[in-house]
Amino acid sequence: MATIQDIADKMGISKGTVSKALNGASDISETLQKSVLETAVEMGYTKLRRQKGAAKKLCILTKNIEYEEPHQFGYEIILGFRQMAEPAGYMVEIVPVTDELQKSTPYDVFMLQNNYLGAFGLGFSLTDSWMKDFQTSRTPTVLYDNYIIANPNIAYVGIDNNEGMELAVSHLKQLGHQKIGYLSSSLESHIMQVRHKAFFRALKQNGLKSAPTYAGSSYYITQCMEKHLPRLLDMGMTAIICSYDLIANAAMIQCQQLGFHIPSDISIIGFDDLPICAYTSPPLTTIRQDRIQLGKSGYYALDSLMNKISIGTLLLHAQLILRNSTGPVSK
């Protein structure tokens, strides 16, 4: 592990200048500070070796995820993480990540510049610039619903989506459904790809017929409702599983507007168990993610990485929550 003296020797500057640059001193030029930070990252310097008594900071990086209100998906994940991290003596800062930040500042440089010992990343898509940085990052980082291969500094936490989809399909099969469709948002995220594959795997495991046309995905929910839902209904689907709850709720509303009764004409299952699921019309059957436990697991994995325990993947069990949007197939 590189030291401040190692960085100073490589750059041909004093140890004090390196220390000032790493700590954002005002008498160090922006150009020199940038050069020192980039050299430090290149050499594998980490502030995990900081002096005793210094503030210990972690960050939660948020991208494409809502978290400020209790009904929003990320709220309980962040709460669970903080419930573990703050009693352990860490300051936790929430950092909304923009595309501009990712393009202007390499990930490890950003972390070093802001004195963060590690991060919990929520909501990143496969097209985000930092996803490439994560492949070689030396900063302990845990990603929710994103998997980085062969980097011992990065861990993945989530639920077992294969288990969740198997629970959903098995439930519908027990109710007599043989033709089950799938609606999803864009497949530009890792987790949407995982759930898409898990759906077809679950159909096969249950001995049900499948074809690529059984699924439809669009970037916008309205596109999904206008393009793919009518097609699945025309194909004679008696049940539809959705990649997340908001699509499922939109599908229920659209089906009702088209004259279908739920669940007597068509059954619908969501994914995530957002707070709204108990209050939709009818209340939505869904796969629950325990978001408090996901947040706590994120801290557990990050603490392990910071202690050189190279956790790769940590998956929680999924749970099927039965409500009134699923029922026996019409005869």
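Residues numbered from 1 in each chain as written. Predicted model: local features only at pLDDT ≥ 70, side-chain atom pairs only at ≥ 80, totals over all residues. Heavy atoms only, no water.

Draft legend 1. Representation of the overall build of the protein. Counting its regular elements, the protein contains twelve helices and twelve strands. Once the C-alpha set of the protein is aligned to its principal axes, its extents read approximately 80 × 35 × 35 Å. For the protein, contacts bridging at least 24 residues in sequence account for 69% of all contacts bridging at least 6. Accessible surface for the protein amounts to roughly 15,500 Å². Of this, 51% is attributable to carbon and sulfur atoms. Seen as two clouds, the 30 positive and the 30 negative side-chain charges of the protein have centres 5 Å apart. (Helix = DSSP H or I, 4+ residues; strand = E, 2+ residues; numbered from the N terminus. Contact = heavy atoms within 4.5 Å. Areas by Shrake-Rupley, 256 points an atom, 1.4 Å probe, with all protein chains shown as cover. Lys, Arg positive; Asp, Glu negative; His and termini not counted. Charge placed at Lys NZ, Arg CZ, Asp CG, Glu CD.)

Draft legend 2. Representation of helix 11 (residues 245–257). Its 13 residues place the ends of helix 11 18 Å apart at the C-alpha level, agreeing with the 18 Å of an ideal helix rising 1.5 Å per residue. Of all the residues in helix 11, the buried ones are Asp245, Ile247, Ala248, Ala250, Ala251, Met252 and Cys255. For helix 11, the elements touching its buried residues are strand 6 (180–185), helix 10 (221–234), strand 8 (239–242), strand 9 (267–272) and strand 10 (285–288). (Expected span 1.5 Å × (residues − 1). Buried < 20%, exposed > 50% of the residue type's maximum accessible area, 1.4 Å probe, protein only.)

Draft legend 3. Spatial organisation of the packing of helix 10 against helix 11. Interaxial distance between helix 10 and helix 11 falls to 10 Å at its minimum, and their mutual angle equals 60 degrees. When the interaxial angle is binned, helix 10 and helix 11 end up oblique. Like other packed secondary-structure pairs, helix 10 and helix 11 cross with a definite hand, here right-handed. Along its contact with helix 10, which presents Ile221, Met225, Leu229 and Leu233, the element helix 11 presents Leu246, Ile247, Ala250, Ala251, Gln254 and Cys255. Residues that form the contact of helix 10 with helix 11 fall into these classes: nine nonpolar, one polar and no charged. (Axes fitted to C-alpha atoms, helices over the stretch in contact; angles between N-to-C directions. Parallel < 35°, antiparallel > 145°, perpendicular 65-115°, else oblique. Left-handed = near helix turned anticlockwise from the far one by under 90°. Nonpolar A, V, L, I, M, F, W, Y, C, P; charged D, E, K, R; others polar.)

Draft legend 4. Looking closely at the packing of aromatic side chains. One pass over the full model with this rule turns up 13 aromatic pairs. When the ring of Phe199 is compared with that of Phe200, the centres are 5.1 Å apart and the planes differ by 75 degrees; the resulting orientation is edge-to-face. The class for Phe200 is buried, based on a relative accessible area of 19%. Here the aromatic rings of Tyr219 and Tyr220 are separated by 4.8 Å at their centres, their planes lie at 80 degrees, and the arrangement is edge-to-face. Taken together through their ring pairs, the aromatic side chains of Tyr107, Phe110, Tyr116, Phe124, Trp130 and Phe134 make up a single cluster. Of note, Lys56 hangs over the ring of Tyr90, and the distance from its end group to the ring centre comes to 4.3 Å. (Phe/Tyr/Trp six-rings, centres within 6.5 Å; stacked < 30°, edge-to-face > 60°. Lys NZ or Arg CZ within 6 Å of the ring centre and 35° of its normal.)

Keep in mind that these numbers describe shape and distance, not what the molecule does.
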